[in-house]
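Take a look at the letters that make up each chain.
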Amino acid sequence: MNYWLVKSEPEAYAWAQLVKDRKTAWTGVRNFAARNNLRAMKKGDLVFFYHSVEEKSVVGLARVEKEAYPDPTATEGDWSAVELVPVKALAQPVALAQIKADKVLQEMPLVKIGRLSVSPVAAPQFSRLLELSQTTI
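Structure report, in brief. (Residues numbered from 1 in each chain as written. Predicted model: local features only at pLDDT ≥ 70, side-chain atom pairs only at ≥ 80, totals over all residues. Heavy atoms only, no water.)

1. Let's talk about the overall build of the protein
Step number 1: The secondary structure content of the protein amounts to five helices and six strands.
Step number 2: N-terminal to C-terminal, the α/β element order of the protein is β-α-β-α-β-β-β-α-α-β-α.
Step number 3: In terms of overall size, the protein behaves like a compact globule, its C-alpha atoms giving a radius of gyration of 14 Å where 137 residues would be expected to give roughly 14 Å.
Step number 4: Burial analysis of the protein (137 residues in total) assigns 45% to the buried set.
Step number 5: Nonlocal contacts in the protein, meaning residues at least 24 apart in sequence, comprise 67% of its contacts between residues at least 6 apart.
Step number 6: Within the structure as shown, the protein displays about 7200 Å² of accessible surface, and the carbon and sulfur contribution to it stands at 50%.
Step number 7: Looking at charge distribution, the protein has the averaged site of its 18 positive side-chain charges lying 2 Å from that of its 15 negative ones. (Helix = DSSP H or I, 4+ residues; strand = E, 2+ residues; numbered from the N terminus. Rg over C-alpha atoms; globule rule 2.2 N^0.38 Å. Buried < 20%, exposed > 50% of the residue type's maximum accessible area, 1.4 Å probe, protein only. Contact = heavy atoms within 4.5 Å. Areas by Shrake-Rupley, 256 points an atom, 1.4 Å probe, with all protein chains shown as cover. Lys, Arg positive; Asp, Glu negative; His and termini not counted. Charge placed at Lys NZ, Arg CZ, Asp CG, Glu CD.)

2. Details of the pattern of salt bridges
Step number 1: As enumerated under the stated definition, the model contains six salt bridges in all.
Step number 2: A salt bridge links arginine 30 to aspartate 71; the nearest nitrogen and oxygen atoms lie 2.9 Å apart. Of this pair, arginine 30 sits in the loop between β2 (24-26) and α2 (32-40) while aspartate 71 sits in the loop between β4 (57-70) and β5 (80-95), placing them 41 residues apart in sequence.
Step number 3: Under the relative-accessibility criterion, arginine 30 is labelled partly exposed at 37%.
Step number 4: Between arginine 128 and glutamate 131 there is a salt bridge; the shortest N-O distance is 2.8 Å. Within this pair, arginine 128 and its partner glutamate 131 are both found in helix α5 (residues 123-133), separated by three residues, close to a single helical turn.
Step number 5: Look at arginine 128 and you get partly exposed, because its relative accessible area is 22%. (Salt bridge = Lys/Arg side-chain N within 4 Å of Asp/Glu carboxyl O.)

3. Quick word on the sheet that holds β2
Strands pair in a sheet through their backbones, by hydrogen bonds, and they do so in one of two ways: parallel or antiparallel.
Step number 1: An order of β2-β5-β4-β3-β1-β6 is seen for the six strands of this open sheet, with the pairing classed as mixed. The open sheet terminates on both sides in strands that have one partner only, identified here as β2 and β6 (118-121). Across the sheet, the axes of successive neighbouring strands diverge by a mean angle of 40°, strand direction being ignored.
Step number 2: By the bridge criterion, 10 bridges tie β4 to β5 in an arrangement that is antiparallel. Following the sheet pairing, proline 70 is matched in β5 by serine 80.
Step number 3: Here α5 sits on the sheet in contact with β1 (3-8), β3 (46-51), β4, β5 and β6, set at roughly 45° to β5. (Pairing = 2+ DSSP bridges. Axes fitted to C-alpha atoms, helices over the stretch in contact; angles between N-to-C directions.)

See the structure below:
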């Protein structure tokens, strides 16, 4: 199993909306590195949901339900989407400041490549985020 992190502005699509919808197509990614990360996702992979802009924290855990397929919102180019379903809200959100200060997490692409909207999470980082969030799965 692989682990991932997706970013969304809460005003555009919030964790609460994913929970309400019970699934979503993760569309609109127009960055090649992020697209390649979408294409690497496998059914069953776990995905942290990060609220960007003002909140700047990891707030939920989702799962890949459907692997990469052509993004239906793309009018040109070779873009991909995946389908995500919510697993659970984190017991305690993990703020970007905490992530940057943590020795295990400070090397995450979230910190190093801040504009990347879909990024991998290493297994030790995944475990550490769960620990900081006081969440069990």
